[in-house]
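Each chain, written out:
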Amino acid sequence: MREIQFRDAIKEAMSEEMRRDPDVYLMGEEVAEYNGAYKASQGMLDEFGPKRVIDTPIAELGFSGVGVGSAMNGLRPIVEFMTFNFSLVAIDQIINSAAKIMAMSGGQYSCPIVFRGPTGNAGQLGAQHSSNFENWYANTPGLKVVIPSNPYDAKGLLKSSIRDNDPVIFMESEQMYGDKGEVPEGEYLIPLGVANIIEEGSDVTIVSFGKMIPRVVLPAVEELKKKGIKAEVIDLRTVRPIDYDTIVKSVKKTNRCVVVEEGPPVASLSAEISYHLQRFAFDYLDAPVVRVNSMDIPLNYAPTLIEATLPNPQRVMDAVDKVMYR
């Protein structure tokens, strides 16, 4: 094992898959000459050349369409968005082409493509650069949606995503590219659709994913331990498909659940998980499921309003107190 940054885990996953399979290539804005907007492709142009690491114009709809077409014809593209806010420009290609072509062609065409880049807020970047679209893409049949929370998962999940024969939305965080974590020396894969219990507990289940795990959930769990509360923490890793079995099994043990999601509450992933628990674990719940989401407003620029809008450790602890009737 060695400690590397999140961005290096992404780069290693892409580079290893490009060495293994000549059909894999990377394209996006500034991925080549500039080494990536967040340096997640540093050095890849030098190794693989301009035919496999391709700088594109600022034209998400255009280069996403090129990626979808090439995937239908046997290649395995990785398309980087500088932020998933900009994926809205290309959403027709993602939802009406990539996600649906297998069904609409009667299985004649698959679309093994990965759309990757940062999601959510990264500080004072304004509302147009701070959205969470995980639930949008998870709402689309035909797509898989992956959101890692640490470098180990980022590498193993991205390698599995590149090898997958379905289109995968792979969401990262600008705030996590410098995070460090232990990653094995050799090759490893993490299967899509399998959650990870990163902390075992008996009093309450906390379900979350992505940046919320290291930034919000784990700090709250450490404070809860000081109060004698043992929380079981489930990192979903993948929000389509969701590993419901692991969540239900945990709630049957703890009898309480808090779901933490950076996105707003309406039609959210936390709402879907809450529904599933009341449908399949109702008799085991000692309290209603409580959700911790961002406030239902566009994210403001002012730092005080950002702090008031987003989930934080204190809101998670308050939610745990609520389900434990404390």
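Please refer to the structure placed before this passage.
Definitions and cut-offs
- Residues numbered from 1 in each chain as written.
- Predicted model: local features only at pLDDT ≥ 70, side-chain atom pairs only at ≥ 80, totals over all residues.
- Heavy atoms only, no water.
- 1 Å grid on protein atoms, 1.4 Å probe; cavity = no way out; pocket = protein on both sides within 12 Å on 5 of 7 lines; lining within 4 Å.
- Points joined across faces, edges and corners; volume = space filled by probe spheres on them.
- Nonpolar A, V, L, I, M, F, W, Y, C, P; charged D, E, K, R; others polar.
- Patch = residues over 30% accessible without salt bridge, like charges linked within 9 Å, V, L, I, M, F, W, Y side chains within 5 Å.
- Areas by Shrake-Rupley, 256 points an atom, 1.4 Å probe, with all protein chains shown as cover.
- Salt bridge = Lys/Arg side-chain N within 4 Å of Asp/Glu carboxyl O.
- Lys, Arg positive; Asp, Glu negative; His and termini not counted.
- Charge placed at Lys NZ, Arg CZ, Asp CG, Glu CD.
- Helix = DSSP H or I, 4+ residues; strand = E, 2+ residues; numbered from the N terminus.
- Axes fitted to C-alpha atoms, helices over the stretch in contact; angles between N-to-C directions.
- Parallel < 35°, antiparallel > 145°, perpendicular 65-115°, else oblique.
- Left-handed = near helix turned anticlockwise from the far one by under 90°.
- Contact = heavy atoms within 4.5 Å.
- Phe/Tyr/Trp six-rings, centres within 6.5 Å; stacked < 30°, edge-to-face > 60°.
- Buried < 20%, exposed > 50% of the residue type's maximum accessible area, 1.4 Å probe, protein only.
- Polar contact = N/O pair within 3.5 Å; in protein donor to acceptor, adjacent residues only side chain to side chain.

Asks: Any chance you could explain empty space enclosed by the protein here in plain terms?
Replies: Take a probe with the size of a water molecule and roll it over the atoms, and the empty space left behind shows itself. If you walk through the whole model with that rule in mind, you get three cavities of 30 Å³ or more. If you add up the space inside the largest cavity, you get close to 80 Å³. What lines the largest cavity is a set of 16 residues, and nearest its centre among them are E134, F209, G210, K211 and E262. Along the lines of polarity and charge, the residues of the lining of the largest cavity split into six nonpolar, five polar and five charged.

Asks: What exactly am I supposed to notice about a negative patch on the surface here?
Replies: Taken together, the side chains of E30, E33, D46 and D55 make up a negatively charged region of the molecular surface. One can find E33 in the loop between β2 (24-28) and α2 (44-48).

Asks: Whenever I open this one, the packing of helix α8 (residues 212-226) against helix α12 (residues 313-323) confuses me. Can you help?
Replies: For any two helices packed against each other, the geometry is given by the interaxial angle and the distance between the axes. Taken N-terminus to C-terminus, the directions of α8 and α12 make an angle of 55°; their axes are 8 Å apart at the nearest point. Between α8 and α12, the angle is such that the two are oblique. Crossing geometry of α8 relative to α12 is assigned as right-handed. Here R215, V216, P219, A220, E223 and L224 of α8 come into contact with α12, specifically with P313, V316, M317 and V320. Within the contact of α8 with α12, the residues separate by chemical class into eight nonpolar, no polar and two charged.

Asks: Mind showing me how you'd approach the packing of helix α1 (residues 6-20) against helix α7 (residues 151-163) here?
Replies: Where α1 meets α7, the axes come as close as 8 Å, and the angle between the chain directions of the two elements is 30°. As judged from the angle between their axes, α1 and α7 are roughly parallel. Relative to α7, the crossing made by α1 is right-handed. Contacts between α1 and α7 involve F6, A9, I10, E12, A13, M14, E16, E17 and R20 from the former and P151, A154, K155, L158, K159, I162 and R163 from the latter.

Asks: I tried to follow the packing of aromatic side chains on my own but got confused; where do I start?
Replies: The description of two aromatic rings rests on the distance between their centres and on the angle between their planes. In total, this model carries eight aromatic pairs according to the counting rule given. Centre to centre, the rings of F6 and Y177 are 6.1 Å apart; their planes meet at 80°, and the pair counts as edge-to-face. A residue pair is termed long-range when its members are at least 10 positions apart, and F6 in helix α1 and Y177 in the loop between β7 (168-172) and β8 (180-183) qualify at 171 residues. Owing to a relative accessible area of 1%, Y177 belongs among the buried residues under this scheme. Judged by centre distance (5.9 Å) and plane angle (5°), the ring pair of F81 and F115 falls under stacked.

Asks: I'm lost on the environment of E134 in this one. Help?
Replies: Note that E134 resides in helix α6 (residues 134-138). Here the alpha-carbon distance between E134 and S208, two residues 74 residues apart in the chain, equals 12 Å. Excluding residues that lie within four positions of it along the chain, E134 makes contacts with T119, V145, I147, M171, F209, V239 and L269. A distance of 3.5 Å separates polar atoms of two side chains, one belonging to E134 and the other to T119. For E134, the side chain forms a polar contact with the side chain of N132, separated by 3.2 Å.

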